[in-house]
Amino acid sequence: MKALHVTGCYYFPNSSQHQYCTAQVNNEQVQLLNQNNDLIHSASTIDCILESPIPGVAAQLSFCNGGRFIPDDVDFRWPFGNKVYSISERLEKNKLLILLSVVVAPLLLWLILYRGIPAIAVYSVNVASPAVVESMGEQSLAVIEKIALEPTQLSIDQQADLQSKWAQMLTALELDNTKFRLSFYQSDYLAANAFALPHGRVVVTDELVTLLADKPDALRAILLHEIGHVEHHHGVRLSAQAVASTVVLAVIFGDLEGITEVVLGSGSSFLQQAFSRDMEREADNYAIEKLVKLGYSNHDFADAIEALQQSLEEQHAELEDNWLKYLSTHPSSQERIEHARQYKP
Ligand SMILES: [Zn+2]
């Protein structure tokens, strides 16, 4: 190895004290010499620790004793540096590659998140066993119960009446009545609302029942919309998508501890996630088609959305975040109402 000199600063171990000096590399030895050529420190190159070089940053050399030497010249590179490091540094300096990665990285991320993961999610519907979906759904309900639901205030008679209409509807549609279950809860948080869990439990708030008390067929339309979400496996797809996205993002951004939290906490995240607009349209179409098939009218669905929209406007003063979110993720109510009214079997 050829003798080599570089000037720089030596920082003494565990101290802010430093000294200007020259580093000399010779026969796999690094020697630090002061202005009078006195030896300050010497070490074998094998014992020196070299961090991966960053373009524009001086290549610091650390010694076993805790001391370190920083060259003045930011472009100086040690002759015994790791070959792999120098390749990665050359790549980091290549402007075309930098430009390319700026374009390609987001594109790749987009492809993975918006094409790859939904595809995996669709696939997961076929591999997820009913038992897994059932326990996932019941766990989600337990979490949501704690956060947002109170016991129902509906009278026993009112509940029995709605349950028998529900059972009749399931029979007419040849749907499994052990899978599709209807539950009532009072909820200040969700207000007039309904949601379906992936395993087939449909939750309706007292507020929604009250809102549609004189429009039983509109309530039926909402229930059919929720059954549509289950029949199209939207919940399973959404959960699989959420878990897969988190895993991908955690791997890319290096937060592996966050994964377990998301996998375990999928119940609470269910409340924060909204079905995509396409999923909502699918569920809308399911509801409208089944209404007509059962001898009711496509206008019942439009009436339901209209009533919800109206109650929203009345509550406008106390409009909360969750409603704003509900509106921004659901296809616009007007669009849904018109779509339902124009339906031709
Ligand atoms: Zn929906």
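Residues numbered from 1 in each chain as written. Predicted model: local features only at pLDDT ≥ 70, side-chain atom pairs only at ≥ 80, totals over all residues. Heavy atoms only, no water.

1. Describing the pairing of strand β7 (residues 68-71)
The condition is simple: Working definition: with a 1.4 Å probe on protein chains only, accessible area under 20% of the residue-type maximum means buried, over 50% means exposed, and in between means partly exposed. Note on conventions: DSSP H or I runs of at least 4 residues are helices, E runs of at least 2 residues are strands, and numbering of each starts at the N terminus. What makes two strands pair is DSSP finding at least two bridges between them.
Side chains of β7 alternate between two faces, with F69 and P71 buried and R68 and I70 left unburied. Of the pairings in the sheet, the one linking strand β1 (residues 4-11) to β7 comprises four bridges and is antiparallel in character. When the bridges of β7 are listed, C9 appears paired with I70. Looking at chain direction, strand β6 (residues 61-62) and β7 are connected through two bridges and run antiparallel.

2. Observations concerning the coordination of the zinc ion
Where we set the bar: Donors, by definition, are the N, O and S atoms found within 2.8 Å of a metal, the threshold being 3.2 Å for Na, K and Ca, and water is not counted, so a site can look incomplete. In this scheme the shape depends on donor count and angles: four donors with every angle between 85 and 135 degrees give tetrahedral, four or six donors with opposite pairs above 155 degrees and others between 65 and 115 give square planar or octahedral in turn, and any other case is irregular.
For the zinc ion, the full set of protein donor atoms is H225 (NE2), H229 (NE2), E280 (OE) and E280 (OE), and the range of their distances to it is 2.1 to 2.8 Å. Between the four donor atoms coordinating the zinc ion, the angles at the centre fall across 50 to 138 degrees, so the site counts as irregular. Spacing between the donor residues of the zinc ion along the chain follows H-x3-H-x50-E. Linking H229 in helix α6 (residues 216-231) with E280 in helix α10 (residues 277-293), this pair joins segments that are 51 residues apart in sequence. The residues H229 and E280 share a single accessibility class, namely buried.

3. Some thoughts on the pattern of salt bridges
This is how the line gets drawn: A carboxyl oxygen of Asp or Glu within 4 Å of a side-chain nitrogen of Lys or Arg is what we treat as a salt bridge.
Counted by the stated rule, this structure contains 10 salt bridges. As a salt-bridge pair, E138 and R201 come within 3.0 Å of each other at their nearest N and O atoms. You can see E138 sitting in helix α3 (residues 130-148) and its partner R201 sitting in strand β11 (residues 201-205), a full 63 residues away along the chain. Judged by relative accessible area, R201 falls into the buried class, the value being 14%. Across the salt bridge formed by D161 and K165, the nearest N and O atoms sit 3.5 Å from each other. One end of the pair is D161 and the other is K165, both in helix α4 (residues 156-172) and four residues apart, which spans about a single turn. Its relative accessible area of 38% is what places D161 among the partly exposed residues. Via salt bridges that share partners, D278, R281 and E335 belong to a single interconnected network.

4. Focus on the sheet that holds strand β5 (residues 49-50)
The antiparallel open sheet is built from seven strands, whose spatial order is β4-β3-β2-β1-β7-β6-β5. Of all the strands in the sheet, the pair left with one neighbour each is β4 (39-44) and β5. In this structure, β1 lies alongside strand β2 (residues 18-26), joined through eight bridges in antiparallel fashion. Following the sheet pairing, L4 is matched in β2 by V25.

5. Looking at the sheet that holds strand β9 (residues 181-186)
The cut-off we apply is this: Contact between two residues is taken to exist if any of their heavy atoms lie within 4.5 Å; hydrogens are not considered. Orientation is described by lines fitted to C-alpha atoms, with helices fitted over the stretch in contact, and by angles between N-to-C directions that extend from 0 to 180 degrees.
In space, the four strands of this open sheet follow the order β8-β9-β11-β10, with mixed pairing throughout. At either end of the open sheet lies a strand with only one pairing partner, and these are β8 (150-151) and β10 (194-196). Alignment of β10 against β11, held across three bridges, turns out to be antiparallel. Bridging from a neighbouring strand, A194 pairs with V204 of β11. The sheet strands contacting α3 are β8, β9, β10 and β11, and the helix crosses β9 at an angle near 15 degrees.

6. Re unusual backbone geometry
Phi at N37 is positive, roughly 65 degrees, even though this residue is not glycine. Here N37 shows up in the loop between β3 (29-33) and β4.

7. As for the nonpolar core
The test is simple: Definition of nonpolar core: a set of buried residues of the types Ala, Val, Leu, Ile, Met, Phe, Trp, Tyr and Cys, connected through side-chain atoms within 4.5 Å.
Among the nonpolar cores identified, the biggest contains 38 residues, and W166, V204, L208, L224, I227 and F301 are the most heavily contacted of them. In terms of residue count, the dominant contributor to this core is α6 (eight residues). When residues no more than four places from it in sequence are discounted, the contact partners of L224 are M169, L173, Y286, A287, K290 and L291. Grouped together as the second largest cluster of nonpolar side chains are 15 residues, V25, A43, L61 and F76 included.

8. A closer look at the packing of α10 against helix α13 (residues 333-341)
Stated precisely, the cut-off is as follows: Two helices cross in a left-handed way if the nearer one is turned anticlockwise from the farther one by less than a right angle. They cross in a right-handed way if the turn is clockwise. Lys, Arg, Asp and Glu make up the charged group, whereas Ala, Val, Leu, Ile, Met, Phe, Trp, Tyr, Cys and Pro make up the nonpolar group; the residues left over, Gly among them, are polar.
It is the contact of α10 with α13, at a shortest axis distance of 11 Å, that shows an interaxial angle of 35 degrees. The hand of the α10/α13 crossing is right-handed. Across the interface between the two elements, E280, R281, D284, N285 and I288 from α10 touch E335, R336, H339 and A340 from α13. Across the contact of α10 with α13, the residue classes tally to two nonpolar, two polar and five charged.

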